[in-house]
Structure formats: structure tokens, C-alpha cells
Amino acid sequence: GSRSFFRELLGNGIFLSDGDQWFVHRKIMSKMFSRNLLRRTSEVIQMKLEQIASLLLNAMETEEQYVGSAEPRISLDLQDIFFRMTFDVTSFVALGCEIDSIGTYGAEGGQHPFAEAFGQMQEAILQRFGDPFYKLKRVLQIGSRER
């Protein structure tokens, strides 16, 4: 089924398991949702929202400098910003690492290598849905998966 498309990205964890295996994963995960973890998660979310507010305020201040001029206007990709927030919060809470992809927004090559690799994996998985030969390509080691 469609689970095989995601197995390389998500492994045999809680998202792709059933029955006894799912129950074991669920039991382990339930211990993660303690009061302290939820408090810490809300603190991380608040910190990331403050970063986003600062980013938006800086963009507005920069935009004010261009009013009435022929200079290019500032644009922000809110979908990208909120993806970065979700990625930062999840990586900090689930993995314990501070990636700070919001802090690199707008910088040249500003995507964190892990976030970029994750995005490439998502794209490869989406391409598989339309490719009936992806398993054959995998066996023959041809195609984008072998990057």
C-alpha cells in the first residue's frame, strides 16, 4: 500500500505501525507528553513566535524605507516561515536540537541542511505516487532516490 512510499522516511515508527507494534510505540510516546514537556513546548513556541514577530517588524521597517521609491519591495513567504516554525519546534521538542531555521530565513542558502534533506525526501515520496516503476528504479539504483 501507500505505507511503502513513506517507510524510508519514517521507518517503522508509530506512524507506519499497527497492532502490537503500534501499542508499544504509543506507550513510549505517551510518556513524552508530561506536564514539563508541554510547558517546555509552549515556551519554545513562544520563542519562535517572537522570532517571527521580529522578522515581520524588520520587514515592515525595511518596507517603509522604500515608500515612494522605485526600489524593489520586500516580500515574505509566510508558508515557508510557518513551516520553519513547525520544523524548529518539532526538532527541539522531539529531538532536543535547536535548528533555528527561522533565524536563517532570507539568508543566502538559508535552509538548514536537515530541513533541506527532509524536503527533498518529501518531494521524492510525492514523485513515487505517480511513478509505477519506482521499485524497479530502486533495485536498479537509478533515479532521484540515489542522490
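To be clear, the structure that these remarks concern was listed above.
Here we summarise the structure given alongside this text.

What counts, and at which threshold
Residues numbered from 1 in each chain as written. Predicted model: local features only at pLDDT ≥ 70, side-chain atom pairs only at ≥ 80, totals over all residues. Heavy atoms only, no water. Helix = DSSP H or I, 4+ residues; strand = E, 2+ residues; numbered from the N terminus. Patch = residues over 30% accessible without salt bridge, like charges linked within 9 Å, V, L, I, M, F, W, Y side chains within 5 Å. Areas by Shrake-Rupley, 256 points an atom, 1.4 Å probe, with all protein chains shown as cover. Salt bridge = Lys/Arg side-chain N within 4 Å of Asp/Glu carboxyl O. Axes fitted to C-alpha atoms, helices over the stretch in contact; angles between N-to-C directions. Parallel < 35°, antiparallel > 145°, perpendicular 65-115°, else oblique. Left-handed = near helix turned anticlockwise from the far one by under 90°. Contact = heavy atoms within 4.5 Å. Nonpolar A, V, L, I, M, F, W, Y, C, P; charged D, E, K, R; others polar.

Leaving glycine aside, a negative phi is the common case for residues, and trans is the common case for peptide bonds. Phi is positive for D100, close to 55°, though the residue is something other than glycine. By the secondary structure assignment, D100 is in the loop between α4 (78-95) and α5 (113-129).

A surface patch of nonpolar side chains, about 380 Å² in accessible area, is lined by L56, I74, L76, L78 and F82. Looking at where I74 falls in the secondary structure, it is placed in the loop between α3 (35-65) and α4.

Describing two packed helices takes the angle between their axes plus the distance from one axis to the other. Across the interface, α3 lies against α4 with an axial gap of 10 Å and an inter-helix angle of 150°. Considering the angle they form, α3 stands roughly antiparallel to α4. Of the two possible hands of crossing, α3 and α4 adopt the one that is right-handed. Residue-level contacts link L37, R40, T41, V44, I45, K48, L49, I52, L55 and L56 of α3 to L78, I81, F82, M85, D88, V89, F92 and V93 of α4. Broken down by class, the residue content of the contact of α3 with α4 amounts to 14 nonpolar, one polar and three charged.

As a further point, take the side chain of D88. Relative to the helices and strands, D88 resides in helix α4. Excluding anything up to four places from it in sequence, D88 contacts K48, I99, D100, S101 and I102.

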